[in-house]
Each structure stands twice: as structure tokens, then as C-alpha cells.
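As a plain string of letters, each chain reads:
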Amino acid sequence: MSLLDPILSGTLLPHQPLVIITHTTATSPTLLLKAVLARIPGPAPATLVSFLRPPARYRPPEHVEVLDLSGRVRGYGSGAAGVLEELEDAGKKGGTVVLDAVDLLVEDVGLPAAMGLIKRLLPSKPPFRLVLTLTHGSPLLQHVVPPSLSASLVLLTPHQPAHVAHLAREYLVPPSDERMSTTLDAALLRGATDALAFQGVGDIGPEPASVASRPSRRPAFPPQAIQVLVRKPTGGAKAIQRGLEALLPTPGGFEVGPVDSVVSVDFGAAAAVAAVGKTHGDLNLPFNLGLTQRQKKERKGVALPYAHEGEGADLGMGMDWEEDEEDDEI
């Protein structure tokens, strides 16, 4: 059952008022944010506040109001007080509020003022939500994740499929395995995904260079693997759900599918032999990786050394390991 699809539509139960999209330098959140905006139902009130990218890049629906702060430069214009006032006015309209690159707001107004604004913008009743996008290394992240801000939480992290495939091969973990989420968490902590991008694994650069130059019938952005974490208000550790799913752009919008649809991993010849029973001749190898039925039967009949049960078993090395009386000199 998909976790990502109801999250994008805002229909996940229980309602999650806070959605945080974190991303690295190597992977842009644009595709994921476009999918969130496209699923906001009309004519429900909604506001997109853009600090970094031009709002037109997200192609928000007509019923979504836009506050474009991407052209503001710190030290010019109305200043931090004016920006906070504009954001407060946007929040008073109610509805879903989407803040793009909110970590830039922290640089302009400071962490305390930014946290105060986020607390005031956080909706108190469904179906409205507060959606934040910020970099994975932002100092703001450790302040918006704790349950003291919101007991319910959705954390989404986009990954390049090539990076997921590389880590899957490196650690021999299938992308659809539950352990893949913890593998990606560890990779994010040590900056491995950015390092892979700098080494030439996957697409270089956060976004396509020219979206407008592409034909409209083709998707402008490549598919992504979305790491999902959902924290429900009650239930302790059992209330946390994890997943890894695929987000695919289509000419008519977006599709959510299994991660295997965008991440293809070949674990090597040994895995192929174990999975489909091919021989070394089928795989054009000079050595045999499998066993015949006779060899398997003979292997089961081999008595392993020291596989004894009961008292008096020889523990090896020709020594008697019986307990001696305590030595007074020790």
C-alpha cells in the first residue's frame, strides 16, 4: 500500500498538519513540490511563498495564491520586518501554506523569528497543512522535527535513482527492502549522496538546465525515488512508518509507483545463480558458482567438527577447559 500517494493528496489518516521536504545539493525538491501543489484541491485556500526559485517553475494551480520573494535581497527593500509582515498576512488567509527554501528565511530574520512564524502558520485543523522545503544540513531541521512543534509529521526526501541503485549494490540491500531507508539515512548523515553526484554518479546538477526548451509532451524532470517517513501522534515506535517509492512525471501530471520501477539493481552473477539457478556456463564464467543436487545432498551429510551436544565435549586445541579452583596468587 502506497504511503506517498495519500500524502501528496493530503488524505493520509490521521491528518498530518506538517510536511517537511528535505533535500541535498545533488537532488532538487522541485519535482516533489510540484506534485504537492498539483494535488491541492480547489477552491480550498492555499498560498505558495517562494524564497529561492521563481514560482512559475512550480506551475501552481490557479486557485493557489503566490507570494514571490525570490527577487528580494537582504539589505534592500522592506527588510526583515517587512518580509515577516507579508508572511503573517499570507498566514491569516488560512488554508495550506507552502514555504519554499525556508532556510533562507532563517538567514534573513534569524532562527527565533522564523520558528515563531512557523508555529503561527501551522494549521490547527484538517485538511490544511504547512509544507516546508529546506536543505538536509539546515540548522532549522533539528527545530522543526521534534514532537514539541507537531506530534504528527511527514518527512519526505527525494533521491536520484542512480544514487539509490549505487547504495543498494554497495550494501547488498534491495531498494524495496525495509533496510533501505536506514541505509539512506546513514548516507545522508555522511554526505554520501552529494559525494556520488560529484563523482559523476547520476545526473550532474540539481535540475535540468532548460525546462522551457523541452517538448511539452515529454516530462521536464527525471523520476525520483522518494524516501518517506510518517510519524503519527500516538503509538511510540510503532507509530512511525517508513517507505521508499517512485515519483514519475507524466505528460498529464505525476504518478506514484514502486521504487523498483525507477531503480534497477543487478547484484552480480552470484545473485543471478541463486535466484534463477543458472550455471557458470550460462553466465559465461570460467568457474562454477552453484552446486548440483548431488553436491548439495553430500554437503548436508558432512559432520561439522566440534558440533557436539552434552557434557564432556572437546573444545579444541587439545586443552582441558574445566574450571579450576581459584588461585590465591591471582
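Residues numbered from 1 in each chain as written. Predicted model: local features only at pLDDT ≥ 70, side-chain atom pairs only at ≥ 80, totals over all residues. Heavy atoms only, no water.

A.B. asks: Help me get a handle on the side chain of T183, residues and values and all.
C.D. replies: Among the structural elements, T183 can be located in helix α8 (residues 179-189). A relative accessible area of 14% means that T183 is categorised as buried. Setting aside residues up to four positions removed in sequence, T183 forms contacts with Y171 and V173. (Helix = DSSP H or I, 4+ residues; strand = E, 2+ residues; numbered from the N terminus. Buried < 20%, exposed > 50% of the residue type's maximum accessible area, 1.4 Å probe, protein only. Contact = heavy atoms within 4.5 Å.)

A.B. asks: Tell me about the sheet that holds strand β7 (residues 224-231), and please be specific about residues and values.
C.D. replies: Overall, mixed pairing links the nine strands, which are arranged β3-β2-β4-β5-β1-β6-β7-β8-β9 in an open sheet. The two strands at the open ends of the sheet, each matched to only one other strand, are β3 (64-68) and β9 (253-258). For this sheet, the mean inter-axis angle between neighbouring strands, taken without regard to orientation, is 20°. Note: strand β2 (residues 46-50) against strand β4 (residues 96-100), five bridges, orientation parallel. For L48, the partnering residue across the bridge sits in β4 and is V98. (Pairing = 2+ DSSP bridges. Axes fitted to C-alpha atoms, helices over the stretch in contact; angles between N-to-C directions.)

A.B. asks: Tell me about the packing of helix α4 (residues 102-109) against helix α5 (residues 111-121), and please be specific about residues and values.
C.D. replies: In the contact formed by α4 and α5, the axes pass within 7 Å of each other and the chain directions differ by 130°. Considered as vectors, α4 and α5 are oriented oblique to each other. Packed against α4, whose contacting residues are V102, L105, V106 and V109, the element α5 presents L111, A113, A114, L117 and I118 at the interface. Tallied by class, residues from the contact of α4 with α5 come to nine nonpolar, no polar and no charged. (Parallel < 35°, antiparallel > 145°, perpendicular 65-115°, else oblique. Nonpolar A, V, L, I, M, F, W, Y, C, P; charged D, E, K, R; others polar.)

A.B. asks: Provide a residue-level description of the environment of L156, including the pertinent values.
C.D. replies: When you line up the elements, L156 lands in strand β6 (residues 153-159). For L156, a relative accessible area of 0% gives the class buried. As for L156 and I7, which are separated by 149 residues in sequence, their C-alpha atoms are 9.6 Å apart. When near neighbours in sequence (up to four residues on either side) are disregarded, L156 contacts L4, I7, V19, I20, I21, T22, L32, I226, Q227 and V228.

A.B. asks: Lay out the nonpolar core with the relevant residues and their values.
C.D. replies: Soluble globular proteins: nonpolar side chains tend toward being buried together. Of all hydrophobic cores here, the largest spans 31 residues; its most connected members are L87, L99, L105, I118, L130, L132 and V144. Mapped by element, the contributors of at least two residues to this core are β1 (18-23), α3 (79-92), β4, α4, α5, β5 (130-135), α6 (141-144) and β6. Among the elements that take part in this core, α5 stands out by supplying five residues, more than any other. In this structure, L132 is in contact with L18, V19, I20, I21, L99, V102, I118 and V144, ignoring residues within four places of it in sequence. (Core = buried A, V, L, I, M, F, W, Y, C linked by side-chain atoms within 4.5 Å.)

A.B. asks: Could you give me a rundown of α4, with the residues and numbers involved?
C.D. replies: Residues spaced three or four apart along an α-helix face the same direction, because each turn holds 3.6 residues. Buried within α4 we find V102, D103, L105, V106 and V109. When α4 is viewed along its axis, its buried side chains cluster within an angular range of 145° and face the same direction. (Arc of directions from axis to C-beta.)

A.B. asks: Help me get a handle on the side chain of H159, residues and values and all.
C.D. replies: Note that H159 resides in strand β6. Polar side-chain contacts of H159 include one of 2.8 Å to the side chain of Q227. The residues touching H159, leaving out its near neighbours within four places in the chain, are T27, V164, L184, L188, T193, Q224, A225 and Q227. (Polar contact = N/O pair within 3.5 Å; in protein donor to acceptor, adjacent residues only side chain to side chain.)

A.B. asks: Outline the pattern of salt bridges, listing residues and values.
C.D. replies: Within this structure, the stated rule accounts for six salt bridges. Residues R294 and E298 are paired through a salt bridge, measuring 3.1 Å at the closest nitrogen-oxygen approach. Pair noted here: R294 and E298 are both in helix α11 (residues 293-300), with a separation of four residues, about one helical turn. (Salt bridge = Lys/Arg side-chain N within 4 Å of Asp/Glu carboxyl O.)

A.B. asks: Any details on the packing of helix α7 (residues 161-171) against α8? Residues and values, ideally.
C.D. replies: Interhelical geometry of α7 versus α8 gives an angle of 105° and a closest axis separation of 11 Å. Judged by the inter-axis angle, α7 sits roughly perpendicular to α8. Two secondary-structure elements touch here, α7 through V164, L167, A168 and Y171 and α8 through M180, T183, L184 and A187. Along the lines of polarity and charge, the residues of the contact of α7 with α8 split into seven nonpolar, one polar and no charged.

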